[in-house]
Amino acid sequence: MSSHPGEYKRITTKVILNMKKTGEKVAMLTAYDFMTAKLLDEAGVDIILVGDSVGNVFQGLETTLPVTLDEIIYHTKVVRRAVKRAMLVADMPFMSFQVNTEEAVRNCGRILKESGAEAVKMEGGKRIEPLVKQLVDIGIPVMGHLGLTPQSIYKFGTYEVRARETAEAKQLVEDAKILDRVGVFGLVLEKIPSSLAAKVTKNVSCATIGIGAGPHCDGQVLVTNDMLGMNEQFHPRFVRTYAKLTETMRGAFQNYIDDVKKKSFPSKNESY
Ligand code: KIV
């Protein structure tokens, strides 16, 4: 069970904002299936994100761009059944909120109504200001996402650290302030220098959640499959691996195959 200094029965936007005030760090991880979500929730993670990283780690896609709204709704519905305590956030996939505000609002509404998510996350800065304002007015909590925004990978051309240059860093601080002003409760900062993340964290009232953004954010997020060591091909320095699941799974599969081949499975005790 959770080892939090502050014990919360249920994590809400108010709790997240309170954590920022008291200095308790927010622990966020991703989930796409029932069993993982149940374990995360029971362990006491504060926010569970059904990220569009489902495209990379579940669907085997190279980018997150092909992930659809219906797929996010499907995975969020599945995760919802397992989550009792954590706050459940669903990612808005590419082109589900970019066409116009009316369509975006309708899609965010679908996420909350059909999947049971309690908030939406979306990539972007100033461009999404009117949308975020409208969503917050309606009562849909929003988490922003700045820095390395994977839905813009073809524009960036690389997954390298963002906002090292003064102009981009200045723009990022400006975007963070805009999103904060229109009411996001949280802000993912992905792959930016620690000092810049610290500056943003100091200048906004929402909770900053870092991924490759150093220790000064109000919380941290990782893709669960990465921190479990399920992807041997992906080793960025910001991922700390807490398990070697690939090795464990490969060993288990090999042992099972061997047991079947040598007829030692099933035994008498495993038969009726
Ligand atoms: O899609 C995702 O999992 C994310 C996290 C990396 C924040 O956006």
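Rules used in this analysis
- Residues numbered from 1 in each chain as written.
- Predicted model: local features only at pLDDT ≥ 70, side-chain atom pairs only at ≥ 80, totals over all residues.
- Heavy atoms only, no water.
- Near = heavy atom within 4 Å.
- Polar contact = N/O pair within 3.5 Å; in protein donor to acceptor, adjacent residues only side chain to side chain.
- Areas by Shrake-Rupley, 256 points an atom, 1.4 Å probe, with all protein chains shown as cover.
- Nonpolar A, V, L, I, M, F, W, Y, C, P; charged D, E, K, R; others polar.
- Domains from an automatic or database assignment.
- Contact = heavy atoms within 4.5 Å.
- Buried area = accessible area lost by both parts, 1.4 Å probe.
- Salt bridge = Lys/Arg side-chain N within 4 Å of Asp/Glu carboxyl O.
- Helix = DSSP H or I, 4+ residues; strand = E, 2+ residues; numbered from the N terminus.
- Buried < 20%, exposed > 50% of the residue type's maximum accessible area, 1.4 Å probe, protein only.
- Phe/Tyr/Trp six-rings, centres within 6.5 Å; stacked < 30°, edge-to-face > 60°.
- Lys NZ or Arg CZ within 6 Å of the ring centre and 35° of its normal.
- Axes fitted to C-alpha atoms, helices over the stretch in contact; angles between N-to-C directions.
- Parallel < 35°, antiparallel > 145°, perpendicular 65-115°, else oblique.
- Left-handed = near helix turned anticlockwise from the far one by under 90°.
- 1 Å grid on protein atoms, 1.4 Å probe; cavity = no way out; pocket = protein on both sides within 12 Å on 5 of 7 lines; lining within 4 Å.
- Points joined across faces, edges and corners; volume = space filled by probe spheres on them.
- Pairing = 2+ DSSP bridges.

Enquirer: An account of the site of the ligand is requested, with residue identities and associated values reported.
Expert: Taken together, Thr-30, Leu-49, Gly-51, Asp-52, Ser-53, Asp-91, Lys-121, His-145, Val-188, Ile-211, Val-221 and Val-223 make up all the residues around the ligand. With respect to the ligand, the side chain of Ser-53 contributes an N or O atom lying 2.5 Å from an oxygen atom. Lys-121 is positioned such that a nitrogen or oxygen atom in its side chain is 3.0 Å from an oxygen atom of the ligand. A total of 260 Å² of accessible area belongs to the ligand in isolation, and the protein chains cover 95% of it. When its residues are assigned to classes, the shell around the ligand shows five nonpolar, four polar and three charged.

Enquirer: Could you give me a rundown of the domain arrangement of the protein, with the residues and numbers involved?
Expert: Taken domain by domain, the protein comprises domain 1 (13–241) and domain 2 (244–272). Taken over C-alpha atoms, the centre of domain 1 sits 38 Å from the centre of domain 2. Between domain 1 and domain 2, the residue contacts involve five residues of the former and five residues of the latter. When the area that domain 1 buries against domain 2 is broken down by residue, the three leading residues are Leu-228, Met-230 and Glu-232, summing to 84%. At the junction of domain 1 and domain 2, the tally comes to one salt bridge. Here Arg-250 ties to Glu-232 by a salt bridge, and the two come within 3.0 Å at their closest N and O atoms. If you look at where domain 1 meets domain 2, you find three residue pairs in polar contact (both at pLDDT 80 or more). Along the lines of polarity and charge, the residues of the side of domain 1 that touches domain 2 split into two nonpolar, two polar and one charged.

Enquirer: Explain the pattern of salt bridges to me, and be specific about the residues and the numbers.
Expert: Applying the stated criterion across every chain, the model contains 14 salt bridges. Here Arg-10 and Glu-118 are joined by a salt bridge, their closest N and O atoms 3.1 Å apart. Residue Arg-10 is located in the segment before helix H1 (13–22), and its partner Glu-118 is located in the loop between helix H5 (101–115) and strand S4 (119–123); the two are separated by 108 residues in the primary sequence. Owing to a relative accessible area of 39%, Arg-10 belongs among the partly exposed residues under this scheme. For Glu-118, a relative accessible area of 23% corresponds to the partly exposed category.

Enquirer: Just give me the short version of the packing of aromatic side chains, but keep the residues and values in it.
Expert: Evaluation of the coordinates by the stated rule reveals one aromatic pair. In this structure, Arg-162 packs its charged tip against the face of Phe-156, placed 3.8 Å from the ring centre.

Enquirer: I'd love a proper account of the packing of helix H4 (residues 69–80) against H5, names of residues and values included.
Expert: Where H4 contacts H5, the two axes come as close as 9 Å, and the packing angle between them is 30 degrees. Relative to H5, the element H4 lies roughly parallel. Taken as a pair, H4 and H5 cross one another with a handedness that is right-handed. Every residue of H5 that contacts H4 at Leu-69, Asp-70, Ile-72, Ile-73, Thr-76, Lys-77 and Arg-80 is listed here: Asn-107, Arg-110, Ile-111, Glu-114 and Ser-115.

Enquirer: Which residues make up the layout of surface pockets, and what values go with them?
Expert: In this structure, the largest pocket occupies an estimated 600 Å³ of space. Looking at the largest pocket, it is lined by 29 residues, and the ones nearest its centre are Ser-53, Asn-56, Glu-190, Val-223 and Phe-234. Among the elements of the structure, strand S1 (26–30), helix H3 (54–57), S4, strand S6 (186–190) and strand S8 (219–222) are those that each provide at least two residues to the lining of the largest pocket. Across the lining of the largest pocket, the residue classes tally to 14 nonpolar, seven polar and eight charged. In this structure, the second largest pocket spans a volume of roughly 450 Å³. Along the walls of the second largest pocket sit 20 residues, with Gly-124, Thr-149, Ser-152, Lys-155 and Phe-156 positioned nearest its centre.

Enquirer: Outline unusual backbone geometry, listing residues and values.
Expert: Here the bond from Phe-265 into Pro-266 is cis, since omega is 0 degrees, no more than 30 degrees from zero. Checked against the element boundaries, Pro-266 lands in the segment after helix H11 (245–261). For Ala-163, which is not a glycine, the phi torsion comes out positive at approximately 55 degrees. Not every positive phi belongs to a glycine, and Lys-263 is a case in point at roughly 60 degrees.

Enquirer: Which residues make up the sheet that holds strand S3 (residues 87–91), and what values go with them?
Expert: Strand order around the closed barrel formed by eight strands is S1-S2-S3-S4-S5-S6-S7-S8, with parallel pairing between neighbours. Here the average twist between neighbouring strands, direction ignored, is 25 degrees. Where S3 and S4 come together, three bridges link them in parallel fashion. Within S4, the position partnered with Val-89 by the bridge is Ala-119. Contacting strand S5 (142–147) and S6, helix H8 (residues 166–181) crosses the sheet at an angle of about 175 degrees to S5.

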